[in-house]
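These are the residues of each chain, in order.
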Amino acid sequence: MKKVDVILGLQWGDEGKGKVVDVLTPHYEVVARFQGGPNAGHTLEFGGEKYVLRSIPSGIFQGGKINIIGNGVVLDAILFRGEAEELAKSGHDLTQRLYISKKAHLILPTHRILDAAYEAAKGSAKIGTTGKGIGPTYTDKISRNGMRVGDLLSPDFEKIYAAHKARHEQILHDLHYEYDITELEKQWFEAVAFLKRFHLVDSEYFINETLRDDKSILAEGAQGTLLDVDFGSYPFVTSSNTVCAGACTGLGIAPNRVGEVFGIFKAYCTRVGSGPFPTELFDETGATLRQLGHEFGAVTGRERRCGWLDMVALKYSIMINGVTQLIMMKSDVMNDFDTVKVATGYEIDGQKTNYFPFSVNDESSIKPIYTEFEGWKCDLRSCKSYDEFPAAFKNYVEFIERETGVPVKIISVGPDRSETIVR
């Protein structure tokens, strides 16, 4: 029986997973998304066009591939409809190639309102949520109050919806939060009718039967390891398990069915929203990384915070996920830098450590310990093989391999599908 290969981010998200999934999908017959919601946007560029995917797996651009939205995903019917219709305009018909788990939870109109209300109630302690209703939807899932895709097929669908809405409205009343969902609710009912045009399946059976048929599957994560609800920089995290183990619970596959684990990271680091970021740069170098790397959210447009590569965090993520192959993105962003730094340790309250900390109450208490490298001063986009890379860049790559004990198998030197070096 074939195994499921997993591809996921090793930092705080935005590592460029969409492009890499699109590069890898020719080797797979099925691509499955296993967690997260529409706050995560995967940007893909090819043929002079740019596409942003929020909930739909990145394999949709490869003709004939089956794409699955797993039970670990939370789905906003309105945003899903907009995404699917936009793809249909560009010639990608999803209705025959996209399968959606009946066990995936639905983001209701009131979930979006609750998200805004909870964030407003936190005041200065806010997390920096995207306001898409994802946290409240996962909260309902865990507290056994959720509404699932399969409920759309029930003759009591409207009663089920009304009960969830009433419970949410009571919470909003208690929070003294004013809102009007009339238009949003109208759009939502139209969107769930659209959603029912797709294959709604028992995805756990579908995936395991696909494996038994000896078909290859690539499981695609959203966000990044350091945003995992258990292992990330809590509470500044997302609401799901973004790590490799999340592929098991988010698709219904056994741990022994996992094969290769591809870990994606940028040659530097970025983060969106609040929370600790030890290597963050507040100077001109940070601004240059943001500008050259186009570091703005694919969905929100928010500026990303930028900093040097954090080896402590990277090694932690590799350990948690059992990464077997590394994929380095955006190396070309630092083409013109005279020097490049990597944090190889932390100093916390005067003590040196190589451990990712339990929590950080004061970001200024973490001081990164840097190792400095000579810049490669070369346009990497002109390189077509690893042998063509300058010695300074190879030194950077091979340092990462020595530190992590994992090979860097793929290096991206530009946003286009063709600008990818496979070793």
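So, here's what we can say about the structure.

Thresholds, definitions, all that
- Residues numbered from 1 in each chain as written.
- Predicted model: local features only at pLDDT ≥ 70, side-chain atom pairs only at ≥ 80, totals over all residues.
- Heavy atoms only, no water.
- Helix = DSSP H or I, 4+ residues; strand = E, 2+ residues; numbered from the N terminus.
- Rg over C-alpha atoms; globule rule 2.2 N^0.38 Å.
- Buried < 20%, exposed > 50% of the residue type's maximum accessible area, 1.4 Å probe, protein only.
- Contact = heavy atoms within 4.5 Å.
- Areas by Shrake-Rupley, 256 points an atom, 1.4 Å probe, with all protein chains shown as cover.
- Lys, Arg positive; Asp, Glu negative; His and termini not counted.
- Charge placed at Lys NZ, Arg CZ, Asp CG, Glu CD.
- 1 Å grid on protein atoms, 1.4 Å probe; cavity = no way out; pocket = protein on both sides within 12 Å on 5 of 7 lines; lining within 4 Å.
- Points joined across faces, edges and corners; volume = space filled by probe spheres on them.
- Nonpolar A, V, L, I, M, F, W, Y, C, P; charged D, E, K, R; others polar.
- Phe/Tyr/Trp six-rings, centres within 6.5 Å; stacked < 30°, edge-to-face > 60°.
- Lys NZ or Arg CZ within 6 Å of the ring centre and 35° of its normal.

Secondary structure summary: the protein chain contains eleven helices and 20 strands in total. The C-alpha radius of gyration computed for the protein chain amounts to 21 Å, which stays within 12% of the reference 22 Å derived for 423 residues, consistent with globular compactness. Principal-axis analysis of the C-alpha atoms places the extent of the protein chain at approximately 65 × 50 × 40 Å. Among the 423 residues that make up the protein chain, the fraction classed as buried is 55%. Restricting the contact set of the protein chain to residue pairs at least 6 apart, pairs at least 24 apart contribute 77%. Of the roughly 18,000 Å² of accessible surface on the protein chain, 49% is carried by carbon and sulfur atoms. Positive and negative side-chain charges of the protein chain, numbering 48 and 57 respectively, have mean locations separated by a distance of 3 Å.

Each pocket or cavity is described by its volume, and for the second largest pocket that value is around 210 Å³. As for the second largest pocket, its lining consists of 14 residues, and the residues nearest its centre are Tyr138, Lys141, Ser240, Asn241 and Thr249. When residues of the lining of the second largest pocket are traced back to their parent elements, those giving at least two are helix H4 (134–142) and helix H8 (245–251). For the lining of the second largest pocket, a count of residues per class yields four nonpolar, nine polar and one charged.

For the rest of this paragraph, the subject is the packing of aromatic side chains. The tally for this structure, following the rule as stated, stands at 18 aromatic pairs. A centroid spacing of 4.8 Å and a plane angle of 25 degrees characterise the contact between Tyr316 and Phe356, whose relative ring orientation is stacked. Linking Tyr316 in helix H10 (residues 311–321) with Phe356 in the loop between strand S17 (351–353) and strand S18 (366–374), this pair joins segments that are 40 residues apart in sequence. The buried category is assigned to Phe356, whose relative accessible area is 15%. Three or more aromatic residues link up through ring pairs in this structure, and these residues are Phe373, Trp376, Tyr386, Phe389, Phe393, Tyr396 and Phe399. The ring of Tyr370 has Lys341 lying over it, and the distance from NZ or CZ to the ring centre is 5.6 Å.

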